Each structure stands twice: as C-alpha cells, then as structure tokens.
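Geometric and topological summary
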Amino acid sequence: MAETLVQVSDLKVHFPIGRSLFKDGVTLKAVDGVSLDIARGEVVGLVGESGSGKTTLGRALLRLIEPTEGSVRFDGTEVVGLPPRDLKALRSRMQIIFQDPYASLNPRMSVGQIIGEALHLHSIGTRADRDERVGDLLEKVGLPRTAAARFPHEFSGGQRQRIGIARALAVNPDFIVADEPVSALDVSIQAQIINLLQDLRQELGLSILFIGHDLSVIEFLCDRVVVMYLGHVMETATAADLYTQPRHPYTRSLLDAAPVPNPRAKRDRIMLKGDLPSPINPPSGCVFRTRCPFAIEACAQVEPALETVGPRHAVACIRQAELNLME
Amino acid sequence: MTETTTAPLLSIRNLVTEFRTESGIVRAVKGVDLDIESGQTVAVVGESGSGKSVTSLSVMRLLAKGVGSITDGTILFRGRDGQVRDLVQEPETAMRRIRGNEISMIFQEPMTSLNPTQKVGAQIAEAAELHQGLSHRQAWARAVEMLSLVDIPEPERRAQVYPHQMSGGMRQRVMIAMALACNPALLIADEPTTALDVTVQLQILELMRRLQREIGMGILFITHNLGVVAEIADKVAVMYGGRIVETAAVQDLFDRPSHPYTRGLLASLPTVDHAARAAGEVARLRAIPGNVVDPRNPPAGCDFNPRCAWAIEACRAAVPPMLPVEPGHATRCIRWSELDG
Ligand SMILES: Nc1ncnc2c1ncn2[C@@H]1O[C@H](COP(=O)(O)OP(=O)(O)OP(=O)(O)O)[C@@H](O)[C@H]1O
Ligand SMILES: Nc1ncnc2c1ncn2[C@@H]1O[C@H](COP(=O)(O)OP(=O)(O)OP(=O)(O)O)[C@@H](O)[C@H]1O
Ligand code: SF4
Ligand SMILES: [Mg+2]
Ligand SMILES: [Mg+2]
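The model shown is predicted, which means the values in this text are computed figures rather than measured ones.

**Overview of the overall build of chain A**
Each helix and strand in chain A was counted, giving 10 helices and 12 strands. The C-alpha atoms of chain A give a radius of gyration of 21 Å, which matches the 20 Å a tight globule of 327 residues would have. Seen through its C-alpha atoms, chain A measures out along the principal axes to roughly 65 × 60 × 40 Å. Within chain A, buried positions represent 58% of all 327 residues. Long-range contacts, defined here as pairs at least 24 residues apart, represent 64% of the contacts in chain A between residues at least 6 apart. Accessible surface for chain A amounts to roughly 13,400 Å². Of this, 50% is attributable to carbon and sulfur atoms. Charged side chains in chain A number 36 positive and 39 negative. The centres of these two groups are separated by 4 Å.

Here it is in structure tokens:
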C-alpha cells in the first residue's frame, strides 16, 4: 500500500443559517463526521445524493471553506488551523476543479490570464515561460493555443470546463479535488479528459478526489469509492467491490438508478421514494432510514458506525450482515 | 401567421445563428433542421461547442443583443391557439408572452439564470404570477407546490432561502420547478439533470415523463448522457460543428449508428475491463482523436473529416447532404453504407 497523502478524520462542516442579532437561527450539518484516506497516486471517487456534502467536503479539504471540527492532514501537515502564509505554500500542491464552469471563471480575465494566475501568484517562471506553459496546458486539455487571448463567454460549457482543468494543472499539484469535472462534457471529450487524468496520474503520481454522479465514469477511473448521504459516509470500498457487492441499501439504489445507454434495458429497480431529509433537521439514528426500503425500528435508535466487512470495505448499516442486496 | 393544426409543434428549417466577436464572425449554427411534435421528446446530443445551446437560445430568441443573431432560416411554432408563428420574425413583445409561458427553458447553468438576491420561492411565484395571472398568494402556493413536486425537502422553508444556500443539484431542481410552473407546450431542457445524482435524475426524468403525459408537452432535451437519451428520448439528433449530422428514432440510433461521429460517441463510453484492472493496468478509453471544430476556422467539406478514420478526398470537397438510411433515419456522411466494410 502506497503512503497516505491526505488523511481526513472526523471532519465536520456546519453552516449557521438565519442567525442574526434578533434570531438564534439553526445549524445545517453539511458534513458531519467524515473520515477518509487518500494514498499517493490514488484516485478516490466521491458519490452521493445532491446536497449530501460532497462539494463542501472537497472545499473543506483545501480550506476553501473552514471546517468546524476535525482534522485534515496533507503529507503529514495539519491543514486545519494552519496560518495563512503556510497555507499559501501548501495551496500550490492542492488544487480544485470547480463544479460550475460558468460561475468559476472570471469573465473579465482572458483565458491566458485565468490559467496563468496561479503561476503568477506563486511567482513561477518569467512572463515568457508562463505564456509558453499556458499554451502547453491549453493543448494538453485539447484547446488551441490561440484560446489564451479569448474570454470565457466565447466558449461553450464543456470548453470552459477544460479551461478550469488547465488552470488546476498549471502549478503541478500533488492532489486535485475534481468536483464533477466531466459532468458538463460530451462523452467523447469526457473520454479525452479521463484519459488525460489517467496520464497525469501515471506521469505525475497525482492523487485525485473525484466527485461525480456518473457511476460508469467513477467505476472506470477510481481505485476506491466513498458513498455519502446527508453529510455521512454510508459505504466505502474498492471500485471492483462496490459495483459487484454493494452492502449498503443506498449504494444499491444508486447502482439501480444509473441510466444505461441501451433503450431496451428495462430493469427492476429499487427506486427511492420520498423526500430528501433536510440537513438542518436530519433523521435520528441512520440518516438514510426515512428512504430505506429495509428500515426497521432499531434504525431510528442508533447511528450506525462504519463497520469493516472486508478488505478496504466498510459499511454503515446495522442490517448489513442480514441483507443480501445482490438478489 | 397561418392556421394549421396538423403542423408540428416546432419546426426549425435551415437555422443559421452567428456571433460577432472581437476576432470576427463566428457561425455557431450552420443550417439546422429539426421537428418536434406535441408529446414527443427529442434528444440533442453532440460535441461540446457544436451549437446545441445556441440552437435552443435561438428558439427562445435569447441570444445576446448586438452579439448573437439569427441570420437565416425559420422557426415555426404552433401555439396553444393553433396559430403557427415564425419565431424568427415575432416582435420582442410577443416573444415575451411566449417565453416562460408556452415555451419554457431549463438552462445549463443554474447559478447564472437564478437571481442571487431573491428568494427562490419568490422567483418561481413571479413566473407563475406573470404568466398565469395568479394572485400573489396563489402564486406563492404554486411555488411551494412546484418545489415539492421536484422533491425539494421542506418546500415551505426552502422557498425562503437564496440560491447560494442550496446545493448545485437543488438549484437545478428549482430551475425545473420554475420552468414547469406554467405548464408549457414546449419545454427546452439544456442539460437539466447533469448536476443531479442518479436517484434524483431518475425522479426528474419520471416527473418530466408524467407531466408530458398529463399536459402533452413536447420536450427538446439536450444532454451528453447517452444513458439518459436511452431512458427518455423518442427521437435523437446528433450535432457536430453547428450541424445535425445524424437523426433517428432512439432505438435505431443505438442499433445502427450511421455516422462516424455517432459511432465514436458510442465507442467512447466507459466500460471497465476487469482483467486488465486486476493486472494493474491504467486503462484508456477510446476517445475520438483530435480537437473540436474551431468555429472561426472550420474545415472544408464535412466538419468531421479531420478526425474521421473513413475520410476520403470527396469528404473535403463539399459538405455532405443528409442522406436517408431508413425511414426516419438520416446521416450526413457520404460513406455511411461502407462503415461496416
Ligand atoms: N454557504 C452555505 N450556506 C449554507 N448552506 C450551505 C452552504 N453551502 C452549502 N450549503 C448546504 O450544504 C449542503 C451540502 O451542499 P454541497 O454543495 O456540499 O452538496 P453536494 O453534495 O456537492 O451536492 P451536488 O451534488 O448537488 O453538487 C446542502 O444542503 C447545501 O444547501
Ligand atoms: N456569446 C458568444 N460569443 C461568441 N461565441 C459564442 C457565444 N456563445 C456561443 N458561442 C460559440 O458558439 C459555439 C456553440 O456554442 P454552444 O454553447 O451552442 O455549444 P454546445 O453545443 O451547447 O456545447 P456544450 O455541450 O459544451 O454546452 C461555440 O463554438 C461557442 O464558442
Ligand atoms: S463524410 Fe467523410 S469525413 Fe465525414 S464522416 Fe463521413 S467518411 Fe468521415
Ligand atoms: Mg456539489
Ligand atoms: Mg451547451
């Protein structure tokens, strides 16, 4: 097993909502006690319901959002509470590709300025070196070098996402949080970007936390997968195990719901019913129980801990031993 | 204005849309033909930058003023009153009545199309108030009802929050709620489920199907996800470089893809080779080599020829016409019948 690069322990991110001078407000528990490890060169997939806290977790790892509690160690250094100057030094080693390619590119900066910004910030190379590097990066993500002189609004959604990827790669990071980097891309460009990420991990030993909704992409790209629901980890396993032997009812329902590119495939599905519970007022016990077809009374009483059920496979469900989800 | 009730709901002919930019004219849509019937779902798939969003913005007449314009073609739309209008020629005041009422759109980017300073409930209510003549209180009730319809938890409370306080997927569902609040005759959905996890995606697709049955709306559904296409579409149009290069009933497209680009798309879907993975190999996908079309500098002839394994001299000589493959199935490739050879 390769050495651990990122180690997250019991991380919590809580947002105060509606708090003012006159009102107490409430707390929204976006991430509520998440632990996970990412090894050097490993690609870990993060999947889960929309609103389950994936983006918040990814940003908290880089301290783009302040964690409320818990620890994030990056290559041995505690990131939580690190003073700004040390954090800046660490930042060039950890980058993020943002979920929304529209909101995340400054419309007043040229593409060249956007990609070169981090190089400039970290004073890497001369101006000519930086221009050269920007051109190389554009080509690497499949855009013409001339794109550097143009502005974000002149590009389609998918093209903008590639600009975001080039920006993240500019400073040669060790670790990238990729927040749905290919969701906005058509499948042929998605395939190019996935191949690019595969190259980068092979060439540079890059570690990636890959947030996504497309389970076939996650299966293809990731060594390991973490499944989140309402701020909690439900299951974590190697990609191979997760897809063939899911042990959590939520994982099973995710796999069932994935659309397959074949109009004839009409399948039996465990389709989730009911509303997503609110993270302001999460269910007692297992947070999934209000939508779980297998919930029993005990599920409302105890919060299930992540239990190891096999090599690198852990599940948070009190009924995991008695359920056979592969029938 | 002509009166024909048998006309398709939407009929686009030879649509050309251009943008004026600092580096010259960009022709983003280069002669698109597309029909949508009531109750039908037409999926548009294709290369990033191929003109899918610009086509739908042209129908809505929402191109940036002074920058983007429709320079040729017609967009015939049959309204609820049975009248057929050419949306290209409609005055802006008439378009304002049609938009968000008879035709509504779910945009690709939820954050830029929601007002960040207004509570989401108020935004939906405003749309309902404006177009359906509801009272303020009725409109607010309608907004809460729509939020619960798209499975937003605690809709009364969520109606009171601002867009940035929601996750990306929730914002997308707010957009969907807003678009459906007026029971549109035509719904244009630009990547509506891309930001959603698969369980919510499935719920949204079911919801759209149900509303389609109930109110008979036609849907133009832009997506990259061929799984979603298989799930929801009746008919598919594949776009490349500003043109439709293949169109077919959904089953025919998957059974007999007849354009090299469509084949490339299907071949680049991720599939896991378990044996190779166990052997520790870093797997590669079969991506289509080369780059997307630079609209400032399109290739001569077939737009796909620089990336096409079947390209011959004749492919560079002229843009191929749409050629019939079977009833309801056409391709813009002169070599389509030889692709299996
Ligand atoms: N700045 C904020 N203030 C208050 N609540 C927030 C804030 N940012 C996120 N949230 C809430 O935290 C929860 C988790 O949001 P997050 O964006 O991390 O979800 P996600 O898993 O990335 O979802 P998606 O798949 O839709 O992108 C949501 O309930 C969201 O509304
Ligand atoms: N405002 C604009 N100014 C200049 N060019 C534009 C503008 N909007 C779009 N374009 C160009 O028009 C072409 C088509 O863009 P469009 O957004 O329709 O692509 P798309 O097919 O929707 O791609 P994606 O799948 O990435 O969303 C692109 O080359 C884009 O660069
Ligand atoms: S027309 Fe020629 S270049 Fe175009 S797709 Fe067909 S074979 Fe390829
Ligand atoms: Mg997110
Ligand atoms: Mg688009």
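**Regarding the pattern of salt bridges**
With the rule as written, the count across this model stands at 40 salt bridges over all chains. For A:Arg150, the salt bridge is made with A:Glu154, and the minimal N-O distance between the two is 3.7 Å. Residue classification places A:Arg150 among the buried positions, given a relative accessible area of 12%. Here B:Arg210 and B:Glu214 are joined by a salt bridge, their closest N and O atoms 3.5 Å apart. Of this pair, B:Arg210 and B:Glu214 both sit in helix 8 (residues 198-215), four residues apart, which is roughly one turn of that helix. On the basis of relative accessible area, B:Arg210 is assigned to the partly exposed category, the value being 34%.

**Section: the sheet that holds strand 1 (residues 4-17) of chain A**
Spatially, four strands are ordered 2-1-4-5 (chain A) in an open sheet, and the strand pairing comes out antiparallel. Only two strands of the sheet have a single neighbouring strand rather than two, namely strand 2 (26-39) and strand 5 (77-78) of chain A.

**Considerations on the confidence of the model for chain B**
Mean pLDDT over chain B: 88, with 96% of residues reaching 70 or higher. What the predictor reports for the complex is a pTM of 0.85 with an ipTM of 0.77.

**Details of the interface of chain B and chain A**
Between chain B and chain A, the residue contacts involve 64 residues of the former and 64 residues of the latter. In this assembly, chain B packs against chain A so that about 5,300 Å² is buried in total across both faces, 56% of it on carbon and sulfur atoms. Our count for the chain B to chain A interface comes out at three salt bridges. Note that A:Arg264 is salt-bridged to B:Asp255, the shortest N-O span being 3.1 Å. Linking chain B with chain A are nine residue pairs in polar contact (both at pLDDT 80 or more). When contributions to the side of chain B that touches chain A are tallied by element, the ones reaching two or more residues are helix 3 (110-113), helix 6 (155-158), helix 7 (168-180), helix 8, helix 9 (226-232), helix 10 (250-255), helix 11 (260-267) and helix 12 (274-278) of chain B. For the side of chain B that touches chain A, the class distribution of residues is 26 nonpolar, 23 polar and 15 charged.

**Brief notes about the site of ligand 2**
The environment of ligand 2 is made up of 21 residues, and the closest members are A:Glu154, A:Gly158, B:Ser48, B:Gly49 and B:Ser53. Residues lining ligand 2 come from chains A and B. One of the backbone N or O atoms of B:Val54 is found 2.9 Å from an oxygen atom in ligand 2. A distance of 3.1 Å separates an oxygen atom of ligand 2 from a polar atom in the side chain of B:His224. Alone, ligand 2 offers 640 Å² of accessible surface; in the complex the protein occludes 92% of this. Of the residues assigned to the shell around ligand 2, the class counts are five nonpolar, 13 polar and three charged.

**Things to note about the domain arrangement of chain A**
Interface size is commonly expressed as the accessible surface area that is lost when the partners come together. Residue and element names in this part refer to chain A. The domain boundaries assigned to chain A delineate domain 1 (1-19 + 26-93 + 175-262 + 274-327) and domain 2 (103-172). Each of domain 1 and domain 2 was reduced to a C-alpha centroid, and the two centroids are 29 Å apart. The partner domain 2 presents 12 residues to the 14 residues of domain 1 that form the contact. Interface area for domain 1 against domain 2, summed over the two sides, is near 1,200 Å², with a carbon-plus-sulfur share of 71%. It is Lys88, Ser92 and Leu196 in domain 1 that bury the most area against domain 2; as a group they hold 34% of the surface buried on that side. Taken together, domain 1 and domain 2 are joined by one salt bridge. The closest approach of N and O atoms between Glu203 and Lys140, which form a salt bridge, is 3.9 Å. Across the domain 1-domain 2 interface, the total number found is zero residue pairs in polar contact (both at pLDDT 80 or more). Top element by residues in the side of domain 1 that touches domain 2 is helix 6 (residues 187-204). It accounts for seven residues. Taken together, the residues of the side of domain 1 that touches domain 2 break down into nine nonpolar, two polar and three charged.

**Thoughts on the packing of helix 3 (residues 111-121) of chain A against helix 4 (residues 127-140) of chain A**
Residue and element names in this part refer to chain A. The N-to-C vectors of helix 3 and helix 4 enclose an angle of 120°; their axes lie 10 Å apart at closest approach. Comparing the axis directions of helix 3 and helix 4 gives the class oblique. Between helix 3 and helix 4 the crossing geometry is right-handed. Between helix 3, through Val111, Gly112, Ile115, Gly116, Leu119 and His120, and helix 4, the contact on the second element is made entirely by Arg130, Arg133, Val134, Leu137 and Leu138. Looking at side-chain class alone, the contact of helix 3 with helix 4 contains six nonpolar, three polar and two charged residues.

**Observations concerning the packing of aromatic side chains**
Summed over all chains, the structure comprises seven aromatic pairs over all chains. Look at B:Tyr240 and B:Tyr261: their rings are 4.8 Å apart centre to centre, the planes differ by 55°, and that puts the pair in the tilted class. Pair noted here: B:Tyr240 is in strand 10 (residues 235-240) and B:Tyr261 is in helix 11, with a separation of 21 residues, a long-range link. Taking the relative accessible area as the measure of exposure, B:Tyr261 reaches 0% and is therefore buried. The rings of A:Tyr229, A:Tyr250 and A:Phe288 are connected pair by pair, giving a single aromatic cluster.

**As for empty space enclosed by the protein**
One pass over the structure, following the stated rule, counts six cavities of 30 Å³ or more. Of the voids in this model, the largest cavity is the one considered here, and its volume is about 90 Å³. A:Pro249, A:Cys286, A:Cys292, A:Cys299 and A:Cys317 are, among the 15 residues lining the largest cavity, the residues nearest its centre. Residues that form the lining of the largest cavity fall into these classes: 12 nonpolar, one polar and two charged. Lining of the second largest cavity is provided by B:His259, B:Pro260, B:Cys302, B:Cys308, B:Trp310, B:Ala311, B:Cys315, B:Pro320, B:Arg332, B:Cys333 and B:Ile334. Here the residues of the lining of the second largest cavity sort into nine nonpolar, one polar and one charged.

**Topic: a nonpolar patch on the surface**
Side chains of A:Ile296, A:Val302 and A:Ile318 sit close together on the surface and give an oily, nonpolar patch of about 230 Å² of accessible area. Locating A:Ile318 in the fold gives a position in the segment after strand 12 (313-315).

**Topic: the nonpolar core**
Counting residues in hydrophobic clusters, the biggest one holds 67 residues, and the most contacted among them are A:Ile115, A:Phe210 and A:Val225. For this core, the two domains that each supply at least three residues are domain 1 (1-19 + 26-93 + 175-262 + 274-327) and domain 2 (103-172) of chain A. Sequence-distant contacts of A:Val225, defined by excluding residues within four places in its chain, comprise A:Gly45, A:Val47, A:Ile218, A:Glu235, A:Thr236, A:Ala237, A:Ala239, A:Leu242 and A:Tyr243. With 39 residues, the next largest nonpolar core counts B:Val120, B:Val174, B:Leu205 and B:Phe221 among its residues.

**Topic: the site of ligand 3**
Around ligand 3, the surrounding shell holds 13 residues, and the nearest of these are B:Cys302, B:Asn305, B:Cys308, B:Cys315 and B:Cys333. For ligand 3, the cavity whose grid points lie within 2 Å of the majority of its atoms is the second largest cavity.

**Focus on the pairing of strand 10 (residues 232-238) of chain A**
Residues and elements named next belong to chain A. Burial of strand 10 is extensive: seven of the seven residues sit out of reach of the surface. Alignment of strand 9 (residues 224-229) against strand 10, held across six bridges, turns out to be antiparallel. Within the sheet, the bridge partner assigned to Val227 lies in strand 10 and is Glu235.

Reading the values: rules and limits
Residues numbered from 1 in each chain as written. Chains lettered and ligands numbered in written order. Predicted model: local features only at pLDDT ≥ 70, side-chain atom pairs only at ≥ 80, totals over all residues. Heavy atoms only, no water. Helix = DSSP H or I, 4+ residues; strand = E, 2+ residues; numbered from the N terminus. Rg over C-alpha atoms; globule rule 2.2 N^0.38 Å. Buried < 20%, exposed > 50% of the residue type's maximum accessible area, 1.4 Å probe, protein only. Contact = heavy atoms within 4.5 Å. Areas by Shrake-Rupley, 256 points an atom, 1.4 Å probe, with all protein chains shown as cover. Lys, Arg positive; Asp, Glu negative; His and termini not counted. Charge placed at Lys NZ, Arg CZ, Asp CG, Glu CD. Salt bridge = Lys/Arg side-chain N within 4 Å of Asp/Glu carboxyl O. Pairing = 2+ DSSP bridges. pLDDT = per-residue confidence, 0-100. Buried area = accessible area lost by both parts, 1.4 Å probe. Polar contact = N/O pair within 3.5 Å; in protein donor to acceptor, adjacent residues only side chain to side chain. Nonpolar A, V, L, I, M, F, W, Y, C, P; charged D, E, K, R; others polar. Near = heavy atom within 4 Å. Domains from an automatic or database assignment. Axes fitted to C-alpha atoms, helices over the stretch in contact; angles between N-to-C directions. Parallel < 35°, antiparallel > 145°, perpendicular 65-115°, else oblique. Left-handed = near helix turned anticlockwise from the far one by under 90°. Phe/Tyr/Trp six-rings, centres within 6.5 Å; stacked < 30°, edge-to-face > 60°. 1 Å grid on protein atoms, 1.4 Å probe; cavity = no way out; pocket = protein on both sides within 12 Å on 5 of 7 lines; lining within 4 Å. Points joined across faces, edges and corners; volume = space filled by probe spheres on them. Patch = residues over 30% accessible without salt bridge, like charges linked within 9 Å, V, L, I, M, F, W, Y side chains within 5 Å. Core = buried A, V, L, I, M, F, W, Y, C linked by side-chain atoms within 4.5 Å. Sits in = over half its atoms within 2 Å of the grid points.

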